[in-house]
Amino acid sequence: YLLAMEEVRADTKPILDFIHVVKQDGLGIALEQSFVPPPAVEFVHSTFQFIGENKPHCTAAAFAFGREDLIPGMFGALLEKMKITQNMAPNFHYYLRRHTQLDGEEHGPLALELVSSLCGDDQQRTAEAATAAKHSLQARITFWDGVAAAIRTHFPRNATGTEPHPPR
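Residues numbered from 1 in each chain as written. Predicted model: local features only at pLDDT ≥ 70, side-chain atom pairs only at ≥ 80, totals over all residues. Heavy atoms only, no water.

Peer 1: A description of the overall build of the protein should follow, citing residues and the corresponding values.
Peer 2: Within the protein, the regular secondary structure consists of eight helices and zero strands. Start at the N end of the protein and walk to the C end: the helices and strands fall as α-α-α-α-α-α-α-α. Summarising the internal contacts of the protein: among those between residues at least 6 apart in sequence, 54% fall at separations of at least 24. Entry remark: accessible area of the protein is about 11200 Å², with carbon and sulfur atoms responsible for 59%. Once the 15 positive and 20 negative side-chain charges of the protein are each reduced to a mean point, those two points are 7 Å apart. (Helix = DSSP H or I, 4+ residues; strand = E, 2+ residues; numbered from the N terminus. Contact = heavy atoms within 4.5 Å. Areas by Shrake-Rupley, 256 points an atom, 1.4 Å probe, with all protein chains shown as cover. Lys, Arg positive; Asp, Glu negative; His and termini not counted. Charge placed at Lys NZ, Arg CZ, Asp CG, Glu CD.)

Peer 1: Please provide a residue-by-residue account of the environment of Leu110, values included.
Peer 2: Take Leu110: it is sitting in helix 7 (residues 90–119). Residue Leu110 is classed as exposed on the basis of its relative accessible area of 52%. Sequence spacing of Leu110 and Ala4 is 106 residues, and the spatial spacing of their C-alpha atoms is 27 Å. (Buried < 20%, exposed > 50% of the residue type's maximum accessible area, 1.4 Å probe, protein only.)

Peer 1: Let's hear about the nonpolar core: which residues, and what values?
Peer 2: The biggest cluster of nonpolar side chains holds twelve residues, and these are Phe50, Cys58, Ala60, Ala61, Ala62, Ala64, Ala111, Val115, Cys119, Ala129, Ala132 and Ala133. Contributing elements (two or more residues each) for this core: helix 5 (56–68), helix 7 and helix 8 (123–154). The element that contributes the greatest number of residues to this core is helix 5, accounting for five residues. Other than its neighbours up to four places away in sequence, Ala61 contacts Gly66, Val115, Ala129, Ala132 and Ala133. Residues Met74, Phe75, Leu79 and Ala89 belong to the second largest nonpolar core, which totals seven residues. (Core = buried A, V, L, I, M, F, W, Y, C linked by side-chain atoms within 4.5 Å.)

Peer 1: Could you give an account of helix 8, naming the residues involved and the relevant values?
Peer 2: With 32 residues, helix 8 should cover 46 Å at 1.5 Å per step; its first-to-last C-alpha distance of 46 Å lies within 8% of that length. Among all positions in helix 8, only Glu128, Ala129, Ala132, Ala133, Ser136, Ala139, Arg140, Phe143 and Gly146 are buried. Check the buried side of helix 8 and you find it contacts helix 4 (38–52), helix 5, helix 6 (71–81) and helix 7. Residue Asp122 occupies the N-cap position of helix 8, its side-chain oxygen lying 2.9 Å from the main-chain nitrogen of Gln124. (Expected span 1.5 Å × (residues − 1). Polar contact = N/O pair within 3.5 Å; in protein donor to acceptor, adjacent residues only side chain to side chain.)

Peer 1: I'd love a proper account of a nonpolar patch on the surface, names of residues and values included.
Peer 2: The grouping of Phe65, Leu112 and Leu137 at the surface amounts to a nonpolar patch, some 200 Å² of accessible area in total. Looking at where Phe65 falls in the secondary structure, it is placed in helix 5. (Patch = residues over 30% accessible without salt bridge, like charges linked within 9 Å, V, L, I, M, F, W, Y side chains within 5 Å. Salt bridge = Lys/Arg side-chain N within 4 Å of Asp/Glu carboxyl O.)

Peer 1: Got a sec to walk through helix 7? Specific residues and values, please.
Peer 2: End to end, helix 7 covers 41 Å across 30 residues, agreeing with the expected 44 Å (1.5 Å per residue, within 8%). Helix geometry: helix 7 is bent most strongly at Asp103, by close to 50°. Among the residues of helix 7, those classed as buried are His93, Leu96, Leu102, Asp103, Gly108, Ala111, Val115 and Cys119. On its buried face, helix 7 is in contact with helix 5, helix 6 and helix 8. With its phi angle positive at about 55°, Gly120 sits one or two positions after the end of helix 7. (Bend = angle between axes of the 7 residues up to and from the residue.)

Peer 1: Describe in detail the packing of helix 7 against helix 8, supporting the description with residues and values.
Peer 2: Helix 8 packs onto helix 7 with a crossing angle of 145° between their chain directions and a minimal axis gap of 8 Å. Across the interface between the two elements, Val115, Leu118 and Cys119 from helix 7 touch Arg125, Thr126 and Ala129 from helix 8. Classifying every residue of the contact of helix 7 with helix 8 by side-chain character gives four nonpolar, one polar and one charged. (Axes fitted to C-alpha atoms, helices over the stretch in contact; angles between N-to-C directions. Nonpolar A, V, L, I, M, F, W, Y, C, P; charged D, E, K, R; others polar.)

Below, the structure is given as structure tokens:
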């Protein structure tokens, strides 16, 4: 991940600072730091809320539908729409392609199978899992809306209406 960031000349200092604070003071303190964008904090809190409920079928549903089943389409679209080739950014391309492949072919199907197994024929568990999946997807949408807003703030359209490229 860091290699891919460096390769596309993304600033790795914030993530390295975050990792340092997590190691030194724990995740809770790290998330309170001002350099962590609010949409990321909200997304992490939503993840830990599912875990904290101690309902494995809900946790599995949140991860299955909010991550494993969703990521192949997201990352595949990034590769296609951004036209990222292996020659342009080998590490970033590999990162996106590997997640697309692994989650699409293995993690996603296994995660869905786990949800099905944990819910079985129990209608209440199935309903709770469906609610968790919806909340997880909403958390993902809120996260990406925050990312999109940050991009619009940092890289506004220029006078011609085209998107400027980030500074290199």
